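# Architecture at a glance
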Amino acid sequence: MSPRNWLPWTAFVAVLLALFLAFLYAPPDANLGDTQRIFYFHVASAWTGLLAFTVVCVAGVAYLRGGAPRWDRLGLASAEVGLLFITMAVLTGSIWARFAWGTWWEWEPRLTSAFVLWLMYAATLLVRNLVEDPARRARYAAVFGIIAFADVPIVFMSVRWWRSVHPVVVSAAGLELEPPMVLAMVVAVVAFTLLYVLLVGERMHLAALEEELAECKRALREGERVR
Amino acid sequence: MMTYLFLGYTAIWTLLFVYFLYVSGRQRALERDLRWIREHLEAREQPVASAQQQEAR
Amino acid sequence: MLVWKELRAEARTRETLTPMVIFALVVVTVFGFGLRATGADLAPVFPGLLWISFYFVGLLGLGRSFSSERAQETLPGLLLVPADRSFIFVGKALANLVFLGVVELVSLPLFFGLLGVPFTAPLAPFCATMILGTVGFASIGTLLAALAAHTRAAEMLLPVLVFPVLIPAVIGAVEATASLLGVSDPLGWKRWLGLLLAYDALFVALPLVLFDYLVEP
């Protein structure tokens, strides 16, 4: 059976299971109460975003080395879906900041790094939009994807150090994770990873269709000219 | 305080849902276009059909 | 060789360097009017102003470094030069480095003088900060300028590409300068220089590898 048959159902069941664990199985946090349940899907989307951008970098390297259009489609799909997940992570992070520390934005290192990541991958998609020639578009996007990914660790480290210089107004309340909470988190991560694979697959299929359509249109136009 | 939890989950699922709708909608539209174009191309490759077209002109 | 070509062409026409220097002066003036503070009041934000100004001025130079080639169609000619293509990159990047360096030399005294911030930094680490903060920018900026040059809306795209990638350099340069000027922990600059060094090493090496893929016909 091809993954297109079973993957949507597996992802669906995993998401249901993750929701069940996050809402009904994991106990409410001792300090933060029920609202702490944002945490599971916040972590899951941040993780998936990071995974997506790793895939963008790998796809970029593979494309530059071999030049197979398949890798470019993977890079495109992963950047787009990754941007979606990082958006979710930043939004839930901001909501988390509002409820835990009372401000909509706290320059917390992980959240800030996620936002910088967001900016970089929005830029990747812009590059794709602004280059006409498909081969050049693929090369440029691959190059920028690699640069952006190489920047991620150094951004994270610098933001961390920067944060340590600027006095923290509110302390980040440390989460004490009980085993059921860890389980809920892991399942949420797995569910979102499956969802990511599913979405990337669909987006790649879409990109393939777009290329095919462009090809057909070209054939059609040449046909007109021959006549 | 539960508003925030609600807000967070709304944000996540709305985004996912909208993106999914966007991708599947585009896919369906593209598949339709492709089918149309292929029929067009095939019709033209048959000499009879093209002769008929010429006559019509 | 190519570095010389680039620098000499520039010396002849002065079409990049002069606007850059003048823009830097304009920026200082605008800050003087716009900030409603000088001297001690300004000191905490002064390092940030300094570097953001330099990076914006540098962006002007970057934007030009491939646009003149595009207008005169000399890039295909350059590609025929039987040298490794990364020499083109090195030439352009060094030219950008020199331009921004000149701008910094000219405008630094003005920044300190006109905004009334006393220069209290030890000279050697301060120069090191200036150099390290500029090298990484020139290198990664030149690569991204080459990338942006062949897109629609190149001028718009360049800052959007450069600044997110530049954030560690901004943090490192600003914090090192702040530490050296006594605005923050006076010993902190060592760590920030280390960060800048790591950033520079990464983003000097990476463009050298990647530039070939950008100009491939």
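Report on the accompanying structure. (Residues numbered from 1 in each chain as written. Chains lettered and ligands numbered in written order. Predicted model: local features only at pLDDT ≥ 70, side-chain atom pairs only at ≥ 80, totals over all residues. Heavy atoms only, no water.)

### Regarding the interface of chain A and chain C
Convention followed: Should any heavy atoms of two residues lie within 4.5 Å, those residues are considered in contact. Salt bridges, as used here, are contacts in which a Lys or Arg side-chain nitrogen is within 4 Å of a carboxyl oxygen on Asp or Glu. Contacts described as polar in this section are N or O atom pairs within 3.5 Å, which, within protein, must combine one atom able to donate a hydrogen with one able to accept it, while residues neighboring in sequence count only if both atoms come from side chains. Every helix listed is a DSSP run of H or I at least four residues long, and every strand listed is a run of E at least two residues long, numbered separately from the N terminus.
Between chain A and chain C, the contact holds 30 residues from the first and 32 residues from the second. Applying the counting rule to chain A against chain C returns one salt bridge. Between chain A and chain C we count six residue pairs in polar contact (both at pLDDT 80 or more) in total. Counting residues per element, the ones that place at least two in the side of chain A that touches chain C are α4 (109-130) and α5 (134-165) of chain A.

### With respect to helix α7 (residues 154-180) of chain C
All names here are of chain C. What counts here: By this rule the span expected of a helix is its residue count minus one, scaled by 1.5 Å. One axis fitted to the seven residues ending at a residue, another fitted to the seven starting there: the angle between these axes is the bend at that residue. Only protein chains enter the accessibility calculation, which uses a 1.4 Å probe; a residue is then buried when its area is under 20% of its type maximum, exposed when over 50%, and partly exposed in between.
Compared with the 39 Å implied by 1.5 Å per residue over 27 residues, the 37 Å span of α7 between its first and last C-alpha is a close match. The axis of α7 is deflected most strongly, by about 55 degrees, at Leu166, and proline Pro168 appears within four residues downstream. Of all 27 residues that make up α7, 20 are buried, and the element is covered over most of its length. Gly182 sits one or two positions beyond α7 and adopts a positive phi of about 80 degrees.

### Considerations on the nonpolar core
For clarity, the threshold we go by: Definition of nonpolar core: a set of buried residues of the types Ala, Val, Leu, Ile, Met, Phe, Trp, Tyr and Cys, connected through side-chain atoms within 4.5 Å.
Counting 100 residues, the largest nonpolar core has Ile147 of chain A together with Phe111, Leu144, Leu147 and Leu161 of chain C as the members making the most contacts within it. When neighbours within four sequence positions are excluded, Phe111 of chain C is seen to be in contact with Val27, Val28, Phe31, Phe46, Leu50, Ser53, Phe54 and Gly116 of chain C. Ranked by size, the runner-up nonpolar core spans 57 residues in total, among them Ala22, Phe85, Phe99 and Met181 of chain A.

### What to know about the interface of chain A and chain B
We apply this condition: By buried area we mean how much accessible surface two parts lose on assembly, using a 1.4 Å probe and totalling the loss over both. Gly counts as polar in this scheme, as do all residues outside two lists: the nonpolar Ala, Val, Leu, Ile, Met, Phe, Trp, Tyr, Cys and Pro, and the charged Asp, Glu, Lys and Arg.
If you look at the interface, chain A gives 41 residues, while chain B gives 30 residues. Roughly 3,300 Å² of surface becomes buried between chain A and chain B when both sides are summed, with 75% attributable to carbon and sulfur atoms. Across the salt bridge formed by Glu212 of chain A and Arg38 of chain B, the nearest N and O atoms sit 2.2 Å from each other. At the surface where chain A touches chain B, the tally comes to six residue pairs in polar contact (both at pLDDT 80 or more). Where the side of chain A that touches chain B is concerned, the elements lending two or more residues are α1 (3-25), α2 (38-66), α3 (69-101) and α6 (179-226) of chain A. In terms of residues, the side of chain A that touches chain B owes the most to one element, α6 of chain A, which gives 18 residues. Classifying every residue of the side of chain A that touches chain B gives 24 nonpolar, five polar and twelve charged.

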